[in-house]
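Listed below, chain by chain, are the residues.
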Amino acid sequence: MAIYLGIDPGLGGGLAALSATGIVLGAWPMPVAGGEVHASEVADLLRRQRLGIDGNIACVCIEKVGAMPKQGVTSSFTFGAGWGMVRGVCAALGLPVTLVPPTVWKKRVLIGLTHDKEGAIRFCASRWPLVELIPNGCRKPHDGIADALCLAEYVRQAA
């Protein structure tokens, strides 16, 4: 079975796995430890997807982003370090990666919705109503998980 993964690489990001037919196999907030992406836990999640479902990871779609206006130097560096860790984990595991700018995946996936975090949350809640977008202890949906699901859907559609 082909598995399509989406990764929103920020500290508030997420990871999601879809089957070739669009069934959600899992969706998680980005593992973080000590204020940065926890690379070994990301690797463990990806390994479990590859080995635990008797399938193969057809593609990992990572959001390709750059520095944002009005973002400080420290936060830009932290984000870039996390993005690099995610890319490095995928490279070390030999996974095929597609980098997609937010404007591209949002145009294809969020048809008829606003191209922002709220649009991604609305899409996911409609497309996969049983997926828990509100993590334990939180009151609002996790937009990093929603973005990761949308990225996985983008690469699944492109396959």
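Anything mentioned here points back to the structure above.
Note that the structure is predicted; figures quoted are calculated from it, not measured.

Draft legend 1. Expanded view of the overall build of the protein. Scanning the protein from N- to C-terminus turns up five helices and seven strands. In the protein, the succession of helices and strands from N to C terminus is β-β-β-β-β-α-β-α-β-α-α-α. Across the 159 residues that make up the protein, the buried fraction comes to 41%. Within the protein, contacts between residues separated by at least 24 positions form 64% of all contacts whose residues are at least 6 apart in sequence. Of the roughly 8,100 Å² that the protein leaves accessible, carbon and sulfur atoms contribute 57%.

Draft legend 2. Inspection of the pairing of strand E3 (residues 24-29) at higher detail. With five bridges joining them, strand E2 (residues 14-19) and E3 adopt antiparallel strand pairing. What sits directly across from Ala 16, in E3, is Ala 27.

Draft legend 3. Looking closely at the sheet that holds strand E7 (residues 97-100). With mixed pairing, five strands are arranged side by side in an open sheet as E3-E2-E1-E6-E7. Edge positions in the sheet fall to E3 and E7, since each has one partner strand and no second. The mean angle between the axes of side-by-side strands here comes to 15°, regardless of whether they run parallel or antiparallel. Two elements, strand E1 (residues 2-8) and strand E6 (residues 56-63), share six bridges in a ladder whose sense is parallel. Considered in E6, the bridge of Leu 5 is made with Val 60. Most of the contacts of helix H5 (residues 143-158) go to E1, to which it runs at about 140°, and overall it touches E1, E2, E3, E6 and E7.

Draft legend 4. Summary view of the side chain of His 142. On the secondary structure map, His 142 appears in the loop between helix H4 (117-127) and H5. Separated by 3.2 Å, the side chain of His 142 and the backbone nitrogen of Gly 144 make a polar contact. Those residues in contact with His 142 that lie beyond four places of it in its chain are Gly 12, Gly 13, Pro 29, Leu 133 and Pro 135.

Draft legend 5. Spotlight on the environment of Val 131. Considering the arrangement of structural elements, one finds Val 131 in the loop between H4 and H5. Each C-alpha atom, one on Val 131 and one on Ala 27, is 8.0 Å from the other, the two residues being 104 residues apart in sequence. What Val 131 contacts, discounting residues up to four positions off in sequence, is Val 24 and Leu 149.

Draft legend 6. Focus on the packing of helix H3 (residues 102-109) against H5. At their nearest, the axes of H3 and H5 sit 10 Å apart, and the two run at 75° to each other. Classified by the angle their axes make, H3 and H5 are roughly perpendicular. Here Val 104, Trp 105, Arg 108 and Val 109 of H3 come into contact with H5, specifically with Asp 147, Cys 150, Leu 151, Glu 153, Tyr 154, Gln 157 and Ala 158. Looking at the contact of H3 with H5, its residues break down into seven nonpolar, one polar and three charged.

Draft legend 7. Examining the side chain of Arg 156 more closely. Relative to the elements of secondary structure, Arg 156 occurs in helix H5. Side chain to side chain, Arg 156 and Glu 153 meet in a polar contact 2.9 Å long.

Draft legend 8. Quick look at the packing of aromatic side chains. Within the structure shown, the criterion is met by one aromatic pair. Arranged with centres 5.7 Å apart and planes meeting at 90°, the rings of Phe 123 and Trp 128 form a pair that is edge-to-face.

What counts, and at which threshold
Residues numbered from 1 in each chain as written. Predicted model: local features only at pLDDT ≥ 70, side-chain atom pairs only at ≥ 80, totals over all residues. Heavy atoms only, no water. Helix = DSSP H or I, 4+ residues; strand = E, 2+ residues; numbered from the N terminus. Buried < 20%, exposed > 50% of the residue type's maximum accessible area, 1.4 Å probe, protein only. Contact = heavy atoms within 4.5 Å. Areas by Shrake-Rupley, 256 points an atom, 1.4 Å probe, with all protein chains shown as cover. Pairing = 2+ DSSP bridges. Axes fitted to C-alpha atoms, helices over the stretch in contact; angles between N-to-C directions. Polar contact = N/O pair within 3.5 Å; in protein donor to acceptor, adjacent residues only side chain to side chain. Parallel < 35°, antiparallel > 145°, perpendicular 65-115°, else oblique. Nonpolar A, V, L, I, M, F, W, Y, C, P; charged D, E, K, R; others polar. Phe/Tyr/Trp six-rings, centres within 6.5 Å; stacked < 30°, edge-to-face > 60°.

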